[in-house]
Amino acid sequence: MATLTIDLGAVGANTRLLAGRATGELMAVVKADGFGHGAVDVARAALAAGATRLGVTSLAEAVALREAGLTAPVLSWLNPPDADYSLAARYDIEVGVPSRRHLDAVARWAPGARVHLMLDAGLAREGAAPAAWPGLCRAARLLESQGRLAVVGLMGHLPCAEQPGHPGNAAARIRFAWAVRQALASGLSPRDRHLAATAATLTDPRSHHTMSRVGAGLVGIDPSATTRLRPAMTLTAPVVETRQVRAGTPVGYGHSWSAPRATTLGLLPLGYADGLPRRASGRAEVLVRGRRCPVVGRISMDMTVVDLGDAPVDPGEVVTVFGPGDAGEPTVAEWAAWAGTIEHEIVTGLGHRLRRTVIGAAPAAGSRR
């Protein structure tokens, strides 16, 4: 069976590095099941290594952390107006608020909830548009004065942080600074202000404010490509069977590849249903007995074929599909390049059929400030 090994020691090392770069607190963002690495495990490892908060998108993700015994502050910031905001009150979850409609829903269903007002800092995505921001601040201040909620944070997101010099980032910083002034002028006094994610935490101290939100960096992904982080994931698979083929033998669906010479093929029991990107067909490699061998033919739903050449490989031997790269194996970054995508898509797309094992376990629970 293909096995995914998660190294929490790497998560801890990355967290310590990132916490050292941040000028304020570090929020460990464990959305999308901890970027495919296991939300609870990554959260515990990050909290043990210096993170003080947790962040997720949905309320369901936040509830799962609470039910796992984690007690550190948790922020959830991507929920529809008709979400069950009573969960925020029941599980002590802070909530991101991008609009008046969201604000009213939180005040109604989660009285006393702690909220972070969200500004669209330049992505035309989540958050209140600048034209709506003053009104959102005034409405929030009124509800706060009535004791119906507490505005504890202001948040936004940089549009081009992976390109540190991009003018969109400067514009976003200016917009966010304006939003902070507007909030203060409305009578709000939020404790937290956060704009930077992983890339900006590593490259742009001007965007740090009181806290940085880091997700991809925890598991070894630096979108800015400026800092060497430790990949926390290794994928291995056994060779199911081998076969010797003649020159000219076509392989796989569509016969997209034919053996240029007599060779030995190895069959791996994983494919695009397990998260291997089909677009990497004909370009990807795996590590077999210390050397790289190419993936040949099309990656199919359940199977991948590798050209072993003259390597004396027996069925049952384990090959490395990707890992940190220490032994010469391909990395997630290489698989992303072969597939024409980003590392985030590779690690979050891995399927549930993979056997998972965790090494370097962290303490059993998080702590509240």
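Model, not experiment: these values are computed from the prediction. The residue numbering used here restarts from 1 in each chain and proceeds along that chain's sequence as written. Restriction of local features to residues with pLDDT of at least 70 applies here, the model being predicted, together with a cutoff of 80 or more for giving and counting side-chain atom pairs; totals for whole chains, interfaces and linings are based on all residues. With hydrogens and water stripped out, all remaining heavy atoms of the structure feed into the side-chain values.

## A few points about helix α4 (residues 59-67)
Only protein chains enter the accessibility calculation, which uses a 1.4 Å probe; a residue is then buried when its area is under 20% of its type maximum, exposed when over 50%, and partly exposed in between. Working definition: helices are DSSP H or I runs of at least four residues, strands are E runs of at least two. Numbering for both runs from the N terminus. Inspection of α4 places L59, E61, A62, V63, L65 and R66 among the buried residues, and these make up the whole buried set. Whether two residues touch is decided by their heavy atoms; if any such pair falls within 4.5 Å, the residues are in contact. Each element contacted by the buried residues of α4 is listed here: α2 (31-35), α3 (39-48), β3 (53-56), β4 (74-76) and α5 (86-91). Positive phi appears at G69, one or two residues downstream of α4, with a value of about 100°.

## Side note on the pattern of salt bridges
For this analysis, a salt bridge means a side-chain nitrogen from Lys or Arg found within 4 Å of a carboxyl oxygen belonging to Asp or Glu. Evaluated as defined, the whole model comprises 19 salt bridges. Between R53 and E25 there is a salt bridge; the shortest N-O distance is 3.5 Å. Of the two residues, R53 sits in strand β3 while E25 sits in strand β2 (residues 25-29), which places them 28 residues apart along the sequence. Relative accessible area serves as the criterion here: at 1%, R53 is assigned to the buried category. Assessed through its relative accessible area of 19%, E25 is described here as buried. A salt bridge links E126 to R125, with the shortest nitrogen-to-oxygen separation between them at 2.7 Å. Several salt bridges share partner residues, and in doing so they unite E25, R53, D92, E94, R114, R191 and D192 into one network.

## Concerning the packing of helix α7 (residues 133-145) against helix α8 (residues 167-185)
Each axis is a line fitted through C-alpha atoms, and for a helix only the stretch in contact is used; angles between axes span 0 to 180 degrees, taken between their N-to-C directions. Where α7 contacts α8, the axes come no closer than 9 Å and their chain directions differ by 35°. The chirality of how α7 crosses α8 is right-handed. Touching W133, P134 and C137 of α7 are W178, A179, Q182 and A183, all from α8. Side-chain classes are defined by residue name, with Ala, Val, Leu, Ile, Met, Phe, Trp, Tyr, Cys and Pro counting as nonpolar, Asp, Glu, Lys and Arg as charged, and the others, Gly among them, as polar. Its residues assigned to classes, the contact of α7 with α8 comprises six nonpolar, one polar and no charged. In a left-handed crossing the near helix is turned counterclockwise from the far helix by less than a right angle, and in a right-handed crossing that turn is clockwise.

## Structural notes on the confidence of the model for the protein chain
Per residue, pLDDT captures the predictor's confidence, and it can take any value from 0 to 100. In this model, the protein chain carries an average pLDDT of 96, and 98% of its residues clear a pLDDT of 70 or more. Note that pLDDT drops below 50 for residues 365-369; the model gives that stretch 21 contacts with residues more than four away or on any other chain.

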